[in-house]
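Okay, here's what each chain looks like letter by letter:
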Amino acid sequence: MNIPYLLSVVTWLPAVGAVIILGVFKRDQGGAIKKFATAWFGLVFLVSLALVGYDRGAGGFQFLEDCQWIPVIGARYQMGADGVAVLLIVLTTLLGVIASLSSWEYIQRREKEYYVLLLLLQAAVVGVFASLDLFLFYLFFEVSLVPMYFLIGIWGGERRLYAAIKFFLYTLVGSVVMLLGVLKIYFLTQDAALVSKITQATIDSLAGNSQASALVASTRAAAAANGTGVFNIIFLQSLGSVLSPVAVTTLEVLLFFAFALGFAIKVPMFPFHTWLPDAHVEAPTAGSVILAGILLKLGTYGFFRFNLPMFPAAAKDLSYFGRFGVRHVMITLAIIGIIYGALAAMYFVVKRDGDVKKLVAYSSVSSMGIVMLGLFALNPNGLNGAVLHMINHGIYSAALFLLVGIVYERRHTRNVSEFGGLSHVMPGYATVFLVMAMTAIGLPLLCVFISEFLAMRGAFEAQPMWAAWAALGIILNAGYMLWLYQRMFFGNIDNPKNEKLKDMSGREWAYMLPLVALSLWIGVYPKPFIDFIQKPVNAVVRQVRPNYPLPGVPAPTQTAERQR
């Protein structure tokens, strides 16, 4: 199924909505702006559902677009999406509707600017997932910082400027280093001797279908005619197969870490995570929803799309630093993040004036550690679990931030000690909170169980001790979530301010039920979602470990390579 310019429509339609709001509505039309923006987000989501027509049997990059853009450097306007990108784009557009709807009561000033920025943020994020040109990807990747900076800095809490500047500086530092890596890899595409070693079989494997392979061929031909390098992502991935033909080289390790720093800050991985709790606590509810549900995935998506296939020798290296390799570095930081994030989250339950929003923020650090562990397991189970966990984390973390926002709108506090016995006065809220807390814990038949199971199984196949350490974080995760629920919802209502709290409104049910339904759907029947990601995952595994025996996929040799 190939609808012309579908990805461009989904990418730029939010920007069109932002322009309409700027040009048509006046500042004092706050109610009309909210309704129009929410309806426009709904329109974008409906259009994005056409991407579900992605041919999962064929796999590879589909919905291709290619136009000349900046010929002097070889950058082209190229769009394309594989199954992983399709799921992330649809999740982005869904959370856009939910974020807009959840802001109706919270945002009471400068509504025009707020919804313009929210729409522009969605356009930038969708552009990241839809880009098939590295230069275009980098532009969208950077532009996404700007709307979020203003959303935190203008509509955030008391320390909003501190949090916004910290968020911007952290991510900017990583992006500048990544830019150096982008420039170097671009110049490598002009090395004729190196490029000549790339086989067509490698390109076909990464492209996934003949149309995408033909796009790579036409891009190379245009670059050769103009005397430029190539920014096409599929071609850059194939270049990774010849960067270190015998053993990992210093150049590949440096390039790996140049990209990894930019993505690790976005994830965020330990020890680059310190901007996240401040940003979440100060951000408006919708900002936290987009930040946790989508923006963190820009980092993990970057590792999946670039670090693994572009630098395969570095990604699987176990000895560059002696008895410690690049892969060991990534796994160690992932495991530390899993355990540290869980312990930090538990602290905010124990602490008398602990902030529920900070608890959810630190739980995201732990959850993203699971994604990174699955990615660097470098086997199909690990990568399938990691990619599915990106989607699942977007569902349950967004839901938890929305739930925190609901009670904050009623009480204007997020301190755990201020609550207790809420199930007596807010039974509907208590029920939804329980479902999402159980989702975060990984209860079977809810979505996180299957993704954590696959990621942990992949880690166990690679090295049992990796899975054992990660399991400690999952146990702690269950501990603080159950403890939090007990303190907030069980017992008697000791605080008189909680006695007359209203239960969830119709609008709040409207944006919470889709997330509950998705959690149940993926938990009970994950096959449709795994079908989207299985072929892209196999392509990455084949690129990093050519001899890995993939079921039903011919490999150069079927040697049962040890998965470590």
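None of the values given here were measured: they were computed from a predicted structure. The residue numbers shown here count from 1 along each chain, following its written sequence. Only residues with pLDDT of at least 70 get local features here, since the model is predicted, and only at 80 or more are side-chain atom pairs given and counted; chain-wide, interface and lining totals rely on the full set of residues. To obtain the side-chain values, all non-hydrogen atoms of the structure were included, while hydrogens and water were left out.

Considering the overall build of the chain
Regarding its fold elements, the chain presents 23 helices and 2 strands. Every radius of gyration here is taken over C-alpha atoms, with the globule rule written as 2.2 Å times N^0.38, N being the number of residues. By the compact-globule yardstick of 24 Å for 564 residues, the chain fits well, its C-alpha radius of gyration being 23 Å. Burial classification: accessible surface area is computed with a 1.4 Å probe over protein chains only, and a residue below 20% of its type maximum counts as buried, one above 50% as exposed, and the rest as partly exposed. Burial analysis of the chain (564 residues in total) assigns 63% to the buried set. Here a residue-residue contact requires only that any non-hydrogen atoms of the pair lie within 4.5 Å. A separation threshold of at least 6 residues defines the contact pool for the chain, and within that pool the share at least 24 residues apart is 80%. Here the accessible surface of atoms and residues is derived via Shrake-Rupley with a 1.4 Å probe, and residues count as covered only by protein chains that are part of the display. Accessible surface, the chain as shown: approximately 20100 Å² in total, 66% of it carbon and sulfur. Positive charges come from Lys and Arg alone, negative charges from Asp and Glu alone, with His and the N- and C-terminal ends not counted. In this description, the location of a charge corresponds to atom NZ of lysine, CZ of arginine, CG of aspartate or CD of glutamate. Distance from the positive charge centre (40 side chains) to the negative charge centre (29 side chains) of the chain: 2 Å. Comment: elements are numbered from the N terminus, with helices defined as DSSP H or I runs of at least four residues and strands as E runs of at least two.

Thoughts on the packing of helix α16 (residues 326-350) against helix α17 (residues 356-375)
The geometry of a pair of packed helices is captured by two quantities: the angle between their axes and the separation between those axes. Look at α16 against α17: their axes get within 7 Å of each other, and the N-to-C directions meet at 160 degrees. Between α16 and α17, the interaxial angle falls into the category roughly antiparallel. Of the two elements, α16 crosses α17, and the hand of that crossing is left-handed. Residues are grouped as follows: Ala, Val, Leu, Ile, Met, Phe, Trp, Tyr, Cys and Pro are nonpolar; Asp, Glu, Lys and Arg are charged; all remaining types, including Gly, are polar. In the contact of α16 with α17, the residues fall into 17 nonpolar, 5 polar and 1 charged. Helix axes use the C-alpha atoms of the stretch in contact, all axes being lines fitted to C-alpha atoms, and the angles between their N-to-C directions lie in the range 0 to 180 degrees. Working definition: roughly parallel below 35 degrees, roughly antiparallel above 145 degrees, roughly perpendicular at 65 to 115 degrees, and oblique for all remaining angles. Note on convention: the crossing is left-handed when the near helix lies turned anticlockwise from the far helix by less than a right angle, right-handed when the turn is clockwise.

Digging into helix α2 (residues 30-48)
Multiplying 1.5 Å by the residue count of a helix minus one yields the expected span of that helix. With 19 residues, α2 ought to run about 27 Å at 1.5 Å a step, and its terminal C-alpha atoms sit 27 Å apart, in line with that. What α2 keeps buried is the set Gly30, Ile33, Lys34, Ala37, Thr38, Trp40, Phe41, Gly42, Val44, Phe45 and Ser48. Next to the buried residues of α2 lie α1 (6-24), α3 (83-102) and α4 (111-130).

A short note on the packing of aromatic side chains
Any two of the Phe, Tyr and Trp rings considered here, Trp counted by its six-membered ring, make a pair once their centres fall within 6.5 Å; the pair's planes then place it as stacked at under 30 degrees, edge-to-face at over 60, or tilted in between. For the structure shown, the criterion picks out 40 aromatic pairs. The interplanar angle of 85 degrees and the centroid separation of 5.1 Å between the aromatic rings of Phe129 and Tyr301 together place this pair among those described as edge-to-face. Residue Phe129 is located in helix α4, and its partner Tyr301 is located in helix α14 (residues 285-310); the two are separated by 172 residues in the primary sequence. Note on Phe348 and Tyr362: the rings are 5.7 Å apart at their centroids and 20 degrees apart in plane angle, and the pair reads as stacked.

Some details on the packing of helix α5 (residues 134-143) against helix α7 (residues 160-188)
Contact geometry of α5 with α7 gives a least axis separation of 12 Å together with a crossing angle of 175 degrees. The orientation of α5 relative to α7 falls into the category roughly antiparallel. The residues of α7 that touch α5, namely those facing Leu134, Tyr138, Phe141 and Glu142, are Leu172, Ser175, Val176, Met178, Leu179, Val182 and Ile185. Per-class residue counts for the contact of α5 with α7 are 9 nonpolar, 1 polar and 1 charged.

Some details on the side chain of His328
When you line up the elements, His328 lands in helix α16. Non-local contacts of His328, meaning those with residues more than four positions away in its chain, are made with Asp317, Leu318, Arg323 and Trp466.

Some remarks on the nonpolar core
Grouped together as the largest cluster of nonpolar side chains are 219 residues, with contacts concentrated most on Leu134, Ile185, Phe259, Phe303, Leu375 and Phe376. Residue contributions to this core peak at 17 residues, all from helix α18 (residues 380-411). Each residue touching Leu134, except ones within four places of it in the same chain, is listed here: Val182, Ile185, Phe231, Ile233, Leu236, Phe259 and Phe306. Buried Ala, Val, Leu, Ile, Met, Phe, Trp, Tyr and Cys residues form a nonpolar core when they are joined through side-chain atoms within 4.5 Å.

Here's the deal with the confidence of the model for the chain
Every residue gets a pLDDT, meaning the predictor's confidence in that residue, from 0 to 100. Per-residue pLDDT for the chain has a mean of 90; in total, 97% of the residues score no lower than 70. Scored below 50 in pLDDT, residues 555-564 makes 25 contacts in the model with residues more than four places away or belonging to other chains.

What to know about the pairing of strand β1 (residues 62-70)
Across 6 bridges, β1 lies against strand β2 (residues 75-81) in antiparallel orientation. Residue Gln68 lies in a different strand from β2, and its bridge partner there is Arg76. Here β1 folds back onto β2, and the loop between the two strands holds 4 residues, one of which, Gly74, carries a positive phi near 85 degrees. One requirement defines pairing of two strands: DSSP has to find at least two bridges between them.

As for α16
The end-to-end C-alpha distance of α16, which contains 25 residues, comes to 36 Å, matching closely the 36 Å that a straight helix rising 1.5 Å per residue would cover. α16 sits mainly inside the fold: 18 of its 25 residues count as buried.

Description of a nonpolar patch on the surface
Patches draw on residues past 30% relative accessible area with no salt bridge. Two like charges within 9 Å are joined, as are two nonpolar side chains (Val, Leu, Ile, Met, Phe, Trp, Tyr) within 5 Å. What makes a salt bridge here is a side-chain nitrogen of Lys or Arg within 4 Å of a carboxyl oxygen of Asp or Glu, nothing more. Residues Leu179, Leu180, Leu183 and Phe187 make up a contiguous nonpolar surface patch of roughly 380 Å² in combined accessible area. Assignment of secondary structure puts Leu183 in helix α7.

A short note on the side chain of Ser288
Relative to the elements of secondary structure, Ser288 occurs in helix α14. As used in this structure description, the phrase polar contact means that two N or O atoms lie within 3.5 Å; if the pair is within protein, one of them must be able to donate a hydrogen and the other to accept it, and residues adjacent in sequence are counted only when both atoms belong to side chains. Among the polar contacts made by the side chain of Ser288, one reaches the side chain of Lys357 at a distance of 3.2 Å.

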